[in-house]
Amino acid sequence: MVMGHMMHRFGKWIAVWSLCFGGALPLLAQDEQAEEAGIEYPLQVIHCSGVDRVQGKADALFAAAERPELSDVLQNFLDETLRGMKGVDRTRPFGMMLYLKPGLTPGIAAVTYFPVESLDEFVQFLAGKSGVSKSVSSKNDRYEITDVDWGPDLVVQQIGDYAYMTALDDALELDRKFPHPERMVRKLTSRYDVAYSLLIKNVPIATRTLFLEFFKNQALASLQQRDDEPEAPYRIRRANGEAMIDLLDMVVRQGEDFTVGAFADPDQQTGYVELELNGTKDSGLSKFFGELAGRRSYFDAAVEQSATLSVNTSVQLDEKRRAPFVEMFRLATTIIEAELTKRGENAASTAQIAPFFSSLLQSAQIGHLDLFLQISGEEALDYRMLGGARIYGAENLPEQFAELLKFGKETVSKTAPGAGGKHLQEFELAQSTVAGFPVHVLPVPAEGDVLAMTMFGNAPQLYLCATSEAIWFAVGQESALKQLESSIKLVTSEPDPNQPKRPAFPFLLTTHASQWVNVAMATGVDPGEDAYTESSLTAFEPDTDEFRLTARPTERGVRVRAEMQPSYFRWIGMLIGNTIDEGLSREQQREERRQRREQQKAAPTIK
């Protein structure tokens, strides 16, 4: 297709920005009343905001990476290899539309669009030195270009101020009534540098139905009970599978668009990547995403603390998404009894742990999934991992949790395979207390894992604690226990009314790259062993190295955004520079080999 060959030619600058700053936004303007009737919108759009805009941001990347000479390399590529893109208006957006071909045989046709200032010059630019162009007399402003040295034969036609082109074999595609590109993607252009959008609602309903039925039949077949599969695990697996099928059904039937796009801010040296999925107005899919952010996280105060890595999810699950958890906790004791019987513990009874799983079942029925994980530290061997899960409806959660651990130590450890059983017997129940709640301790073997040993030491401890509203854990040395205590007190204390609350996200991840670089260096990594490691060590600096990933509902769907601070801007510029250096080196080597071959051919033969 034209797409592959065009992107090959423009790839040294388009692909870089697609990779580094690809984001998402379903903003195609299709519902304007002023649009003419009969417009044929594509199924997919690959869009770039303009040559000059992208080139300017590439220059900013190179400057941030202290590689300004690469701007000359890029300019030379545009001037020499692409011959200045003559005939193209470099200030306006261009891209590609993909259509479903008519007929019984499935197929996709790609139509590329470029804003043109001179169609004749644009045709000459496409033809290059070897191509031959000719006007098609039956069509106004249509040309066929053959014998090009970089791809397939083409057909090009100007419609208004844009030129549309496709493979010569797909020439009939240019008879479509295209939307005007700038009106179609103007919101994308105003907010993003590059974007991709799948217009789900433009896929024919018959095609969507056929795909969905095929997938559902395959998925339901895989959800049948397997030979010798116990009833309890089967019910959990089936509930989880049915929840996934239901979500896919909503996306396919009620989805409107799925978009990936991106933006870089040269002034602030920041960038973000977004992904967005929208459902049609008032659809079940829109309602599903809108209800995700039902409650603030119980762990908000702990999440706000500075850390190497912090992850928090707080989502309100609907009935379908609750079902796997409900089944799992309802059947937990049955599964445990069956497993113990299988291992030979015939007299095992789970009566003492039934209340704990009953509390988990109540939480699952409420449907608020609230989890928290954090890694923090300043020095090797003394990092801490901390986490927690919110539990609802438990009257005596600390006692119930202690009974579960006691059951594991006294009963499960007898039949646990390998060294696992002996390890479980090392559990020290109620070794200490934090905030009045018992803390249980288990040694965590870290042998063989260089990263874990560097962060947490050779013999870290696992600390477990249940409060009246949550189950907590911490991994590390003694400092981990102190972190556990301070976090529990922070979460359970009365909030400061003068402290502004952070925005509530159903999902939040933050991490600081410079701290991971420090950990890598502590493991003994040689910073000069590869360009990637060396660039990371140079680029990432404290206070400008945060990567933040969030997910939150929109008016009709969900948006996932990854935001990057200036250190990432500099780091990406360095990586691109290294890639360009490698490409130029290979090109120079090929040229030297070519010259040697020419010299050998020209050398006189000695007889």
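First things first, this report covers the structure right here in the doc. Residue positions are counted from 1 within each chain, in the order its sequence is given. Totals for whole chains, interfaces and linings use all residues, but because this is a predicted model, local features are given only for residues with pLDDT of at least 70 and pairs of side-chain atoms are given and counted only at 80 or more. For side-chain calculations, the full set of non-hydrogen atoms in the structure is used, while hydrogens and water are omitted.

### Comments concerning the overall build of the chain
Across its full length, the chain holds 20 helices and 20 strands. If one aligns the C-alpha atoms of the chain with their principal axes, the spans along those axes are about 90 × 70 × 60 Å. The rule is simple: take the accessible area with a 1.4 Å probe, protein chains only, and divide by the maximum for that residue type; under 20% is buried, over 50% is exposed, in between is partly exposed. Counting over 607 residues, the chain shows a buried share of 47%. Note on contacts: a residue pair is in contact if any heavy atoms of the two residues lie within 4.5 Å. Here the contacts in the chain between residues at least 6 apart in sequence split such that 69% fall between residues at least 24 apart. For the chain, the computed accessible surface area is about 30300 Å², with 53% contributed by carbon and sulfur atoms. Neither His nor the chain termini are counted; the positive set is Lys and Arg, and the negative set is Asp and Glu. Taken as the charge location is NZ of Lys, CZ of Arg, CG of Asp or CD of Glu. Here the chain contributes 62 positively and 85 negatively charged side chains, and the mean placements of these two sets differ by 4 Å. Only DSSP runs of H or I covering at least 4 residues are called helices, and only runs of E covering at least 2 are called strands; the numbering of each starts at the N terminus. Computed with a 1.4 Å probe, the accessible areas rest on the Shrake-Rupley method; for each residue, only the protein chains presented here act as cover.

### Things to note about the pairing of strand 14 (residues 428-434)
Strand pairing requires that DSSP identify at least two bridges connecting the strands. Where strand 14 and strand 15 (residues 437-443) come together, four bridges link them in antiparallel fashion. Each residue of the ladder has a partner; that of Glu 428, found in strand 15, is Val 441. From the end of strand 14 to the start of strand 15, which pair antiparallel, there are two residues, and Ala 435 there has a positive phi angle of about 55 degrees.

### Some remarks on the pattern of salt bridges
Between Lys or Arg on one side and Asp or Glu on the other, a salt bridge is scored when a side-chain nitrogen of the former is within 4 Å of a carboxyl oxygen of the latter. Overall, the coordinates contain 35 salt bridges when judged by the stated rule. Lys 57 serves as the salt-bridge partner of Asp 193, at 2.8 Å between the closest nitrogen and oxygen. You can see Asp 193 sitting in the loop between helix 6 (186-191) and strand 8 (194-198) and its partner Lys 57 sitting in helix 2 (residues 51-64), a full 136 residues away along the chain. As far as the burial class goes, Asp 193 and Lys 57 line up, both buried.

### What to know about the packing of aromatic side chains
To describe a pair of aromatic rings, you give the distance between the ring centres and the angle between the ring planes. Note on aromatic contacts: the rings of Phe and Tyr and the six-membered ring of Trp form a pair at centre separations within 6.5 Å, being stacked when their planes are under 30 degrees apart, edge-to-face when over 60 apart, and tilted otherwise. Scanning all chains against the criterion turns up 20 aromatic pairs. Ring centres of Phe 299 and Trp 472 lie 5.2 Å apart, and the angle between their planes is 80 degrees; on these two criteria the pair is classed as edge-to-face. Taken together, the positions of Phe 299 in the loop between helix 9 (284-290) and helix 10 (300-303) and Trp 472 in strand 17 (residues 470-476) put the pair 173 residues apart, joining distant regions of the chain. Taken as a pair, Phe 299 and Trp 472 share a single burial class, namely buried. The structure contains a cluster of three or more aromatic residues connected by ring pairs, namely Phe 94, Phe 114, Phe 122 and Phe 125. Lying across the ring of Tyr 298, Arg 390 places its NZ or CZ 4.8 Å from the centre. We call a charge positioned over a ring when the NZ of a Lys or the CZ of an Arg lies within 6 Å of the ring centre and within 35 degrees of the ring normal. Lying across the ring of Tyr 272, Arg 561 places its NZ or CZ 3.8 Å from the centre.

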